[in-house]
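# A closer look at the structure
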Amino acid sequence: MMTTAEILEAVKNMTVLELNELVKAIEEEFGVTAAAPVAFAGAAPGAGEAAQAEQTEFDVILASAGASKINVIKVVREITGLGLKEAKELVDGAPKPIKEKVSKEEAESIKAKLEEAGASVEIK
C-alpha cells in the first residue's frame, strides 16, 4: 500500500490527460462526482455578487428641507400619511428616512415630489 506522500508525488508527476483519466476512474470506482463541489464552490461567490448588485428595496432619506419647509412638510404628509405635527418633526429632524424598503420606482417618485417641493433627498 502506498503512503499519502507517495500518492501525492505520483499525482504531481502526471500529465493533465492522466489526471483527467484518474479522476474519471475514481468517480466510477466510488460513485462520486468531483465536478459538483468545484462548480458549487465556484458559483457561490458569483451568486453573492449578483444578489448584492441587484438591490430591490430602497430607503428614501430627507437630507434637508431646503428653503420651502412648509411645502416639504405638505409633501411628507401626503407621502407618509402623518399628521401635521409628526410631519413637521420629521422634516425638522432631517436627515431622516421618509419611506423605507420601497421599490426603486416608488423611491424615485417620492424623491421627485420632495425635490419639487424644495427638499434635498437621498435614496439608499
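Only a predicted model underlies this, so the values are computations on that prediction, with no experimental measurement involved.

The helix and strand inventory of the protein stands at 6 helices and 3 strands. Put simply, the protein runs from its N terminus to its C terminus through helices and strands in the order α-α-α-β-α-α-β-α-β. In the protein, buried positions account for 17% of the 124 residues. Expressed as a percentage of contacts within the protein between residues at least 6 apart in sequence, the contacts between residues at least 24 apart total 64%.

Moving on, we get to the packing of helix H4 (residues 69-80) against helix H5 (residues 84-92). In contact at an axis separation of 9 Å, H4 and H5 are set at 120° when each is read in the N-to-C sense. Regarding the angle of H4 to H5, the classification is oblique. The handedness of the crossing between H4 and H5 is right-handed. Within the contact between the two elements, H4 uses Lys69, Val72, Ile73, Val76 and Arg77 and H5 uses Leu84, Ala87, Lys88, Leu90, Val91 and Asp92.

The next thing to look at is the confidence of the model for the protein. For residues with low pLDDT, the predicted coordinates do not support detailed interpretation. On average, the protein scores 78 in pLDDT, and the residues at 70 or more come to 83%. For residues 36-47, every residue scores under 50 in pLDDT, and the model assigns this stretch 0 contacts once sequence neighbours within four places are set aside.

We now examine the pattern of salt bridges. Counting across every chain of the model gives 7 salt bridges. One salt bridge in this structure joins Glu89 and Lys85, with 3.8 Å as the shortest N-O distance. In this pair, Glu89 and Lys85 both sit in helix H5, 4 residues apart, roughly one turn of the helix. For Lys85, a relative accessible area of 59% gives the class exposed. Between Lys99 and Glu106 there is a salt bridge; the shortest N-O distance is 4.0 Å.

Of all the residues in H5, the buried ones are Ala87, Leu90 and Val91. For H5, the angular spread of buried residues about the axis comes to 95°, placing them on one side. Here the buried face of H5 lies against strand S1 (58-64), H4 and strand S2 (96-102).

Attention now goes to the packing of H4 against helix H6 (residues 104-116). At a closest axis distance of 8 Å, the pairing of H4 and H6 adopts a crossing angle of 155°. Regarding the angle of H4 to H6, the classification is roughly antiparallel. The interaxial crossing formed by H4 with H6 has right-handed handedness. Here Val72, Val75, Val76, Glu78 and Ile79 of H4 lie close against H6, whose contacting residues are Ile110, Lys113 and Leu114. Looking at the contact of H4 with H6, its residues break down into 6 nonpolar, no polar and 2 charged.

How each quantity is defined
- Residues numbered from 1 in each chain as written.
- Predicted model: local features only at pLDDT ≥ 70, side-chain atom pairs only at ≥ 80, totals over all residues.
- Heavy atoms only, no water.
- Helix = DSSP H or I, 4+ residues; strand = E, 2+ residues; numbered from the N terminus.
- Buried < 20%, exposed > 50% of the residue type's maximum accessible area, 1.4 Å probe, protein only.
- Contact = heavy atoms within 4.5 Å.
- Axes fitted to C-alpha atoms, helices over the stretch in contact; angles between N-to-C directions.
- Parallel < 35°, antiparallel > 145°, perpendicular 65-115°, else oblique.
- Left-handed = near helix turned anticlockwise from the far one by under 90°.
- pLDDT = per-residue confidence, 0-100.
- Salt bridge = Lys/Arg side-chain N within 4 Å of Asp/Glu carboxyl O.
- Arc of directions from axis to C-beta.
- Nonpolar A, V, L, I, M, F, W, Y, C, P; charged D, E, K, R; others polar.

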